[in-house]
Amino acid sequence: VQLQAYGGGLVQAGDSVRLSCAASGRTFSVRGMAWLRQAPGKDREFVAGIGWGSGSTYYATSVKGRFTISRDNAKNTVYLQMNSLKPEDTAVYYCAASRNPSVPFGTRWSGDYWGQGTQVTVSS
């Protein structure tokens, strides 16, 4: 499975950005997809996840109510709509996919496939 993430950029606090992650290849094996981020000098952080079949979603507390993850199965694409952005949201955002339906979304989740990352910078 190959993942291509795009949509990042430089925005101001309070702005909105939508990230996209297009999956190709053996996508039938994917059970869940997620967005994670890594800020300079910090550990990678789970942001949001979505069940590929169920559509159930999970959000980190830090983004709940501001970010929305969604998917378009026909396009094999996952989106992350980010509203009310804050400077602390600045990070490289990665999309990832997992074959394992048993690992719950959250801090321990890790993907089997990863996209290349897209930078989101939020200025104050």
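Refer to the structure above for everything that follows.
Here the structure is a predicted model, which is why all the values come from computation and not from measurement.

Student: An account of the sheet that holds strand 1 (residues 2–6) is requested, with residue identities and associated values reported.
Tutor: Sheet architecture is open: 4 strands sit in the order 1-3-8-7, paired in antiparallel fashion. In the strand order of this sheet, the two ends are held by strand 1 and strand 7 (67–72), each with one partner. Strand-to-strand twist in this sheet, taken as the mean axis angle between neighbours without regard to direction, amounts to 15 degrees. Where strand 3 (residues 17–24) meets strand 8 (residues 77–82), 6 bridges bridge the pair, whose relative direction is antiparallel. Bridging across to strand 8, alanine 22 finds its partner in threonine 77.

Student: Tell me about the state of the cysteines, and name the residues and values.
Tutor: Within this structure, the stated rule accounts for 1 disulfide. The disulfide that involves cysteine 21 links it to cysteine 95, with 2.1 Å between the sulfurs. Linking cysteine 21 and cysteine 95, the disulfide has an S-S dihedral of approximately 60 degrees and is accordingly described as right-handed. Of the two residues, cysteine 21 is situated in strand 3 and cysteine 95 in strand 9 (residues 91–98); the sequence distance between them amounts to 74 residues. On the accessibility criterion, cysteine 95 (1% relative accessible area) is buried.

Criteria and cut-off values
- Residues numbered from 1 in each chain as written.
- Predicted model: local features only at pLDDT ≥ 70, side-chain atom pairs only at ≥ 80, totals over all residues.
- Heavy atoms only, no water.
- Pairing = 2+ DSSP bridges.
- Helix = DSSP H or I, 4+ residues; strand = E, 2+ residues; numbered from the N terminus.
- Axes fitted to C-alpha atoms, helices over the stretch in contact; angles between N-to-C directions.
- Disulfide = S-S within 2.5 Å.
- Buried < 20%, exposed > 50% of the residue type's maximum accessible area, 1.4 Å probe, protein only.

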